[in-house]
Structure formats: structure tokens, C-alpha cells
Amino acid sequence: MVSKTASGKRSQNTVTETADTAKPVLQLRNPVTHHFEFLGPYLTPLVIAALTVLPTALNGLCGGGDDQQCPPSWVYTMEWGQHTHLVEQIGLQLTEERVFRAVMVVCGWMTLHACLYYVVPGRWIKGTQIRDGAVLTYPINAFGALIASYALIAGLSAVYGPALLYWVADNTLSLCVASTLLCLLQSGLLYSYSFRVTTELPDGPLLAEGGNSGYALYDFFIGRELNPRVGSFDFKYFCELRPGLIGWTALNAANAVRQGVSVSGVSVESVTWAQVFGGIGMSMWLVLAFQLYYVVDALWNEAAILTTMDITTDGFGFMLNFGDLAWVPFTYSLQSRYLAMHPVDLSPFAVAALIGLKLTGLYIFRGSNGQKNKFRTNPNSPSCAHLKYLETKSGSKLIISGWWGIARHVNYTGDWLMALSWCLPTG
């Protein structure tokens, strides 16, 4: 009896010690979020609702009224009573058939890029070490995916003519709604997926420090899991650059075709590619070139994304899902959407000034981001030896010289200048 009692006591102590020692380790690996952003957990539903509506509203305001203007004439005349009629016009564009076809197109586009993630040749490299000490691997082949996507679009356009891209421009609103629905669905599935417990992950996956609050909608929005994966397929990394950025340039091309068809005065069924190209104005060509270069630059330097907060720190929730797959392609393409309906003639001086503005922004953007990426990748490299830095309480290092001695977020200055060069061609 004594032996049994002693044995039972020892067993109980062992369990208690194991639980006590495991609990701090688990808390260290996945600490509970106490700092909130974006209006906090109680107002998160308003943020989600506003975001889901905004790109659709902006695209609806561009060609959604009776006069097919961008924006409708009632915005200038301040006849706000017509806004209800605008909603009706948008509703007419979002027919069940249109939305269904748009959903099929968006799903096909995502499936295409999921396949290209593995099919396109490219090297696999290691990312930065994440919080639990793991180092994940990623394929560097997004630029190849861009080329493959364009080759497919060119092939289909050779078969179907300008009508294919014209359909995309004419159905931008329904494509925007379809992408938004996809973001909501994918975010919900990934939120549920973050609660999995397996033999490989007995304590669950590594969670984002900012998305483990216990408030369901807030964590859904911020992103609960840091790097949701199925095998080697990383959802966050996949969505960060590929379908959204490449889709943005595809929408621009579609809007350029729409402008060319409109200016030619020939129906889309009869128009030739020569007539389409002849109807595209210099302002549209500048927007296409500027934004295409921005995307090509991002995809060519794909490895640099691995040191950004999006990959190393932020969870993959609705915020990043929506930003990558809906916000970027359907709001960043508004300049070309506007020009498709309002061609603008530019003087040679204006063209030269816009090119100069774009190059200035690009110089600041690429120089500052390149310096930051080199420092984060290897702060001891000779190219970073001259840089001064501050070490924060969390252990991270902030550069305080070079580009980053000029301003805390000097890369945003370059980004803003480039964005300004995209907008000014619209007049």
C-alpha cells in the first residue's frame, strides 16, 4: 500500500511538473495578443465591412451609371439623390450569370498560379529564421509565372481576338466581387485550419503574435497562423506577389484594349488588333509601362519579400488576403479603368516630366528597400559595414544611417512618388 501510494504521488508530481514546464514554453511560442490595431476587436466587423465594399464601390463609380462615365455625372453636379439609381445600375451589372462566370474565372486564375508555383522552373531558397527557430523554404519563380501567364493570355487572345480582354474590362465589377468572396472564404478556411493539432504539431502551428487574441473576428482579420502551409505550399507567400500583382497588370491590359476599341469606333467583334493599338493613347501607355515595371521589379526581386514583415511577422488573415487578391488588383488598376473611358492627350514635356518623376521614385524605393534587405539578410556583410543601427527591446535592429537616416520610412516616399506618376496621366 505504501509503495502504491508513493508511486501514485510520484506519478502525480511528474504530471504536474510536466504541465508547469510546458505551459511557459507554449506561451512563449504562441503568446496571447494584448496589443490591438485597426480599431480593436470590437470594431473589427466595421473595418471588414468597409473594406469588402470599397473596391466594388470605386469600380462601380467608374462606369456604373447610365452615362457610363468615370465617375458618373451626378458626382460633379452634386445631385446625390441619383446615388440610389447608381446602386441599381451596379446591381444590373452584377447579374447571377456574370458573377458566376467571374467566380469561375477567378478560381481558374488562382488554380493556374497554384500550378505555376510548382511547374515553373526556379530555385528553392531558405527564408529568414522565424520565431520558433524554424527556417522555411520558398520557390523563386514568380517572374517565370508572369511570363507563363502572359504567354497564355497572348495565346488565347490570338484565338479569340480583342474580345477576350475586352470581356475582362467589361466585367471588372463582377470579377472584383468574385475576388472579394474568395478572400472571405479563404480567410475563414485558414482561420479554422490554424486550430489543427497533429502528431507533428502537438501544440498546434506557430501563430502570429498579433493574431492570437481569442477574439474570433479580430484574429480572422489579422491572421491567426503565421505561415499557413499544406506541405511546401505556403498560402501567404503564394498570394503575396503572384495572382494579385500579375492580375493587376492583366486588368490594365484589358482596360487598354477597351480604350483602343472605343477610340477606333469599331465593334469589338469586328475590330482588328492594329485598330486597337492605334486607339491606345500615350497616357495609357505610360500607366501600363510604369505599373508593369513596378510589378516586374517586385517579381524579379522576389527573394526580397522574405525579409518583410508580411512574411516574418504578420499572420495571414483577411487583411493580407484581401490586400493581395482584391485591393491591389482592383484599386491599383483604377487609373487605366478611368483612361479607358476618358483618353487624355499628353504633351512631350508632360511625358518627360512624368518619366522623370517615376524614375526618381523608383531610385528612392529600390535603393532604400535594397539596403534594408541586405542588412536584414546579412548585417555583417561588407556592403552593410558603414550602416549604423539601434537595437530595440525586442532584439531587432533599426538602421539609422544611409537611406534610413533620411527618414524612418523613406521607402514610402519613393512609393508615393511612383504612385503619383501613375495618377497624373489621368489629367
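Everything below is about the structure shown above.
Attention here is on the structure that accompanies the text. (Residues numbered from 1 in each chain as written. Predicted model: local features only at pLDDT ≥ 70, side-chain atom pairs only at ≥ 80, totals over all residues. Heavy atoms only, no water.)

Using the criterion set out here, one finds 2 cavities of 30 Å³ or more in the structure. In this structure, the largest cavity occupies an estimated 40 Å³ of space. Together, Ser187, Leu190, Tyr191, Asp219, Phe220, Gly223, Arg224, Glu225, Pro228, Phe316 and Gly317 line the largest cavity. Elements represented by at least two residues in the lining of the largest cavity include exactly helix H8 (172-193) and helix H9 (216-222). The element that contributes the greatest number of residues to the lining of the largest cavity is H8, accounting for 3 residues. The residue makeup of the lining of the largest cavity, split by class, is 5 nonpolar, 3 polar and 3 charged. Of the pockets and cavities examined, the second largest cavity occupies roughly 30 Å³. A per-class count over the lining of the second largest cavity returns 4 nonpolar, 3 polar and no charged. (1 Å grid on protein atoms, 1.4 Å probe; cavity = no way out; pocket = protein on both sides within 12 Å on 5 of 7 lines; lining within 4 Å. Points joined across faces, edges and corners; volume = space filled by probe spheres on them. Helix = DSSP H or I, 4+ residues; strand = E, 2+ residues; numbered from the N terminus. Nonpolar A, V, L, I, M, F, W, Y, C, P; charged D, E, K, R; others polar.)

Any two side chains of opposite charge can pair, so long as their charged atoms come close to each other. Taken as a whole and assessed by the stated rule, the structure comprises 7 salt bridges. Notably, a salt bridge pairs glutamate 97 with arginine 101, separated by 2.9 Å at the nearest N-O pair. Highlighted residues: glutamate 97 and arginine 101, both in helix H5 (residues 96-119), separated by 4 residues, approximately one helical turn. A salt bridge links arginine 98 to aspartate 170, with the nearest nitrogen and oxygen atoms 3.5 Å apart. A residue pair is termed long-range when its members are at least 10 positions apart, and arginine 98 in helix H5 and aspartate 170 in helix H7 (residues 163-170) qualify at 72 residues. Residue classification places arginine 98 among the partly exposed positions, given a relative accessible area of 27%. Residue aspartate 170 is classed as partly exposed on the basis of its relative accessible area, which comes to 29%. (Salt bridge = Lys/Arg side-chain N within 4 Å of Asp/Glu carboxyl O. Buried < 20%, exposed > 50% of the residue type's maximum accessible area, 1.4 Å probe, protein only.)

Taken together, Leu39, Tyr42, Leu43, Leu46 and Tyr215 make up a surface patch of nonpolar side chains, about 570 Å² in accessible area. Relative to the helices and strands, leucine 39 resides in the loop between helix H1 (2-29) and helix H2 (40-61). Take leucine 39: its relative accessible area is 61%, and that puts it in the exposed class. (Patch = residues over 30% accessible without salt bridge, like charges linked within 9 Å, V, L, I, M, F, W, Y side chains within 5 Å. Areas by Shrake-Rupley, 256 points an atom, 1.4 Å probe, with all protein chains shown as cover.)

As for its placement among the helices and strands, serine 213 is situated in the loop between H8 and H9. Separated by 3.1 Å, the side chain of serine 213 and the backbone nitrogen of tyrosine 215 make a polar contact. Only 2.7 Å separates the side chain of serine 213 from the side chain of aspartate 219, close enough to count as a polar contact. Excluding residues that lie within four positions of it along the chain, serine 213 makes contacts with Val32, Thr33, Phe36, Tyr218 and Asp219. (Polar contact = N/O pair within 3.5 Å; in protein donor to acceptor, adjacent residues only side chain to side chain. Contact = heavy atoms within 4.5 Å.)

At a minimum axis distance of 10 Å, the contact between helix H13 (residues 282-300) and helix H16 (residues 334-341) shows a crossing angle of 165°. Here H16 runs roughly antiparallel to H13, going by the angle between their axes. In this structure, the crossing between H13 and H16 has a hand that is left-handed. Contacts from Ser283, Met284, Val287 and Gln291 of H13 reach H16 at Gln335, Ser336, Leu339 and Ala340. Its residues assigned to classes, the contact of H13 with H16 shows 4 nonpolar, 4 polar and no charged. (Axes fitted to C-alpha atoms, helices over the stretch in contact; angles between N-to-C directions. Parallel < 35°, antiparallel > 145°, perpendicular 65-115°, else oblique. Left-handed = near helix turned anticlockwise from the far one by under 90°.)

Right, let's get into the nonpolar core. By size, the foremost hydrophobic cluster in this structure holds 82 residues, and its most contacted members are Tyr237, Leu245 and Leu299. When residues no more than four places from it in sequence are discounted, the contact partners of leucine 299 are Ala142, Phe143, Leu146, Leu241, Leu245 and Ile246. One finds Ile364, Leu387, Ile399 and Val410 within the second-largest nonpolar core, a separate group that totals 8 residues. (Core = buried A, V, L, I, M, F, W, Y, C linked by side-chain atoms within 4.5 Å.)

We now examine the packing of aromatic side chains. Summed over all chains, the structure comprises 27 aromatic pairs. The interplanar angle of 55° and the centroid separation of 4.8 Å between the aromatic rings of tyrosine 138 and tyrosine 237 together place this pair among those described as tilted. Here tyrosine 237 lies in helix H10 (residues 235-241) and tyrosine 138 lies in strand E2 (residues 137-140), a separation of 99 residues in the sequence. Across the pair, tyrosine 237 and tyrosine 138 agree in class, each one buried. Relative to tryptophan 300, the ring of phenylalanine 143 has its centre 5.1 Å away and its plane inclined at 90°; by these criteria the two rings are edge-to-face. Separated by 157 residues along the polypeptide, phenylalanine 143 in helix H6 (residues 142-160) and tryptophan 300 in helix H13 bring together distant segments of the chain. By the ring-pair criterion, three or more aromatic residues cluster together here, those being Tyr117, Tyr118, Trp124, Tyr138, Phe233, Phe235, Tyr237 and Phe238. The ring of phenylalanine 195 has arginine 224 lying over it, and the distance from NZ or CZ to the ring centre is 3.8 Å. The aromatic ring of tyrosine 138 is capped on one face by arginine 229, whose charged end is 4.9 Å from the ring centroid. (Phe/Tyr/Trp six-rings, centres within 6.5 Å; stacked < 30°, edge-to-face > 60°. Lys NZ or Arg CZ within 6 Å of the ring centre and 35° of its normal.)

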